[in-house]
Amino acid sequence: MKKLIAFVAAVFVSAMLFAQNVPSVNLKDSDVKNWAKNCVSIQKELDKLGIDEDNTYSEALAEKDAVEKVLEKNGISGPNPIDKYATILQCAAVLKAESELDEDSIAMMKLMKIDPIAELKNQINAKDYNVISSNSKAVLKAVDALDNLD
């Protein structure tokens, strides 16, 4: 999962700089289910392309067509499969963080009036988040599979 983080971050940072509201990437339920089913395969194919966390934004963009082919082949449909993939990864990170919080941590954050997860959610379109969170079991299982890949 670490292999495309720099690319994903660059895409989202640039999108956030130019957008007032977070636009929907029009995720479909099938995009999320296919990612959950094929995330390990996607990661292995991206590894073969040499896409990793050390890529600069311009280097990653040079591989855009190849990355889009990998994503579309694995069921993340266009348009904008890279944006969809980035959104899925970002939401997966939020879901994983939420799943790891215990009641004491939640209570302490409320007492301190901080909510880092809410800040992360504010960077995700609510419609897209709802599509992903409705598949949370499969998404969390996929995140675990990616974590065990390294």
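On a predicted model such as this, the values are computed, not experimentally measured, just so you know. (Residues numbered from 1 in each chain as written. Predicted model: local features only at pLDDT ≥ 70, side-chain atom pairs only at ≥ 80, totals over all residues. Heavy atoms only, no water.)

(A) Region of interest: the packing of helix 5 (residues 81–100) against helix 8 (residues 126–133). Direction vectors running N to C along helix 5 and helix 8 enclose 65°, while the axes themselves pass 10 Å from each other. With respect to the hand of their crossing, helix 5 and helix 8 are arranged in right-handed fashion. Residue-level contacts link Thr87, Ile88, Cys91, Val94, Leu95 and Glu98 of helix 5 to Asp128, Tyr129, Ile132 and Ser133 of helix 8. Among the residues making up the contact of helix 5 with helix 8, the classes are represented as 6 nonpolar, 2 polar and 2 charged. (Axes fitted to C-alpha atoms, helices over the stretch in contact; angles between N-to-C directions. Helix = DSSP H or I, 4+ residues; strand = E, 2+ residues; numbered from the N terminus. Left-handed = near helix turned anticlockwise from the far one by under 90°. Contact = heavy atoms within 4.5 Å. Nonpolar A, V, L, I, M, F, W, Y, C, P; charged D, E, K, R; others polar.)

(B) Summary view of the nonpolar core. Counting residues in each nonpolar core, the largest one holds 30 residues, and the members touching the most others are Trp35, Ile42, Tyr85, Ile132 and Val139. At the level of secondary structure, the elements contributing two or more residues to this core comprise helix 2 (29–49), helix 4 (64–73), helix 5, helix 8 and helix 9 (136–149). (Core = buried A, V, L, I, M, F, W, Y, C linked by side-chain atoms within 4.5 Å. Buried < 20%, exposed > 50% of the residue type's maximum accessible area, 1.4 Å probe, protein only.)

(C) How the structure looks around the side chain of Asn38. Looking at where Asn38 falls in the secondary structure, it is placed in helix 2. We classify Asn38 as buried; its relative accessible area is 17%. Here Asn74 takes part through its backbone oxygen, which lies 2.9 Å from a polar atom of the side chain of Asn38. (Polar contact = N/O pair within 3.5 Å; in protein donor to acceptor, adjacent residues only side chain to side chain.)

(D) Just the environment of Leu95, in detail. Assignment of secondary structure puts Leu95 in helix 5. Sequence spacing of Leu95 and Val143 is 48 residues, and the spatial spacing of their C-alpha atoms is 9.6 Å. When residues no more than four places from it in sequence are discounted, the contact partners of Leu95 are Tyr129, Ile132, Ser133, Ser136, Val139 and Leu140.

(E) Inspection of the packing of helix 2 against helix 4 at higher detail. Close contact between helix 2 and helix 4 brings their axes to 10 Å; oriented N to C, the two are set at 160°. Overall, the two elements helix 2 and helix 4 adopt an arrangement that is roughly antiparallel. Note on packing geometry: the crossing formed by helix 2 with helix 4 is right-handed. Residues Ile42, Glu45, Leu46 and Leu49 of helix 2 pack against Ala66, Val67, Val70, Leu71 and Lys73 of helix 4. Along the lines of polarity and charge, the residues of the contact of helix 2 with helix 4 split into 7 nonpolar, no polar and 2 charged. (Parallel < 35°, antiparallel > 145°, perpendicular 65-115°, else oblique.)

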